[in-house]
Amino acid sequence: MPGSPPDASAHPEPDGVPPSLEGGGRALPAARGRSADPVPPTDGEDVVEVRRSARRRRTVTAYREMGRTVVLIPAAFSRAEEQRWVAQMVAKLRTREERRRRSLGGNDELMVRARALSAAHLDGLAEPASVRWVDNQQRRWGSCTPTDRSIRLSSRLQSMPDYVIDYVLVHELVHLLEPGHDERFWALVARYPRAERARGFLEGVELANTAGAAGEQPAPDLVD
């Protein structure tokens, strides 16, 4: 889904030592450049990939990418600094994501939101039977089954702006009226005023995820 990528931001290293945070994920062995394959998670832990950069001096950035947490740190960091910052940044990501989930509500709130969008942009013609968040869509932002009128949104969207979530909802709602992606489908989607901007945002996210292996790139789930 096509836009402009989200801005990448960084967390400056303070003069003092940040408090250690338990349960923050597992750091990989320190190495210049991209780390080796991530260590598989144990219960309650995230898969964490640490990427070192000689261009970084005093900034640390963390974000979600393809089902894992990526932490960008200066190449000069010691192993102890790496472990401390990985723990802190993973904990901050979890806190932000939990706050975001609470603000978005659960599946009932998502259904209310979908119905409001249908009424506002589709004359109320799209009537879903169910709308829910799912954790198993790592390649798609949303999906729809017209036969049973069910809509599923990837939980990865929960960290993204509201207008992006609304766009994906509208996109899937239109599938209840037009299963394919023909001209009428896109004409209906275009009734959502921020459709083009939202497509651009998602396209930027996908490009950043694809390019992440080549170096430091903007990514959707930044912590600063």
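Everything that follows concerns the structure shown earlier in this document.
The present account deals with the structure reproduced in this document. The residue count restarts for each chain, going from 1 along the sequence in the order it is written. Given that this is a predicted model, residues contribute local features only at a pLDDT of at least 70 and side-chain atom pairs are listed and counted only at 80 or more, while totals for whole chains, interfaces and linings are drawn from all residues. Here the side-chain values reflect all heavy atoms present in the structure, with hydrogen atoms and water set aside.

## Concerning the environment of Glu97
Consideration 1: A run of DSSP states H or I qualifies as a helix once it reaches four residues; a run of E qualifies as a strand once it reaches two. Both are numbered from the N-terminal end. Tracing the sequence through the fold places Glu97 in helix α1 (residues 79–104).
Consideration 2: As a C-alpha pair, Glu97 and Arg156 span 59 residues in sequence and 9.8 Å in three-dimensional space.

## Details of the packing of helix α2 (residues 107–121) against helix α3 (residues 162–175)
Between two packed helices, what matters for the description is the angle formed by their axes and the separation of those axes.
Consideration 1: Between N-to-C directions, angles span 0 to 180 degrees; the directions come from axes that are lines fitted to C-alpha atoms, helices contributing only their stretch in contact. The contact between α2 and α3 brings their axes to 10 Å, and the two run at 70°. Here α3 runs roughly perpendicular to α2, going by the angle between their axes. From α2, Leu110, Arg113, Ala114, Leu117, Ser118 and His121 reach across to α3, where they touch Asp162, Ile165, Asp166, Leu169, Val170 and Leu173.
Consideration 2: Gly falls in the polar group here, along with every residue not listed as nonpolar (Ala, Val, Leu, Ile, Met, Phe, Trp, Tyr, Cys, Pro) or charged (Asp, Glu, Lys, Arg). Grouping the amino acids of the contact of α2 with α3 by side-chain chemistry returns seven nonpolar, two polar and three charged. The labels follow the angle: roughly parallel below 35 degrees, roughly antiparallel above 145, roughly perpendicular from 65 to 115, and oblique for the rest. Pairs of residues are marked as contacts when any of their non-hydrogen atoms sit within 4.5 Å.

## Regarding unusual backbone geometry
Consideration 1: One non-glycine residue, Asp123, adopts positive backbone phi at about 55°.
Consideration 2: Summarising the element assignment, Asp123 is placed in the loop between α2 and β5 (130–134).
Consideration 3: Throughout this description, buried means an accessible area under 20% of the type-specific maximum (1.4 Å probe, protein chains only), exposed means over 50%, and partly exposed covers the range between. Under the relative-accessibility criterion, Asp123 is labelled exposed at 59%.
Consideration 4: At Arg149, a position not held by glycine, the phi torsion is positive, near 60°.
Consideration 5: Among the structural elements, Arg149 can be located in the loop between β6 (142–145) and β7 (150–154).

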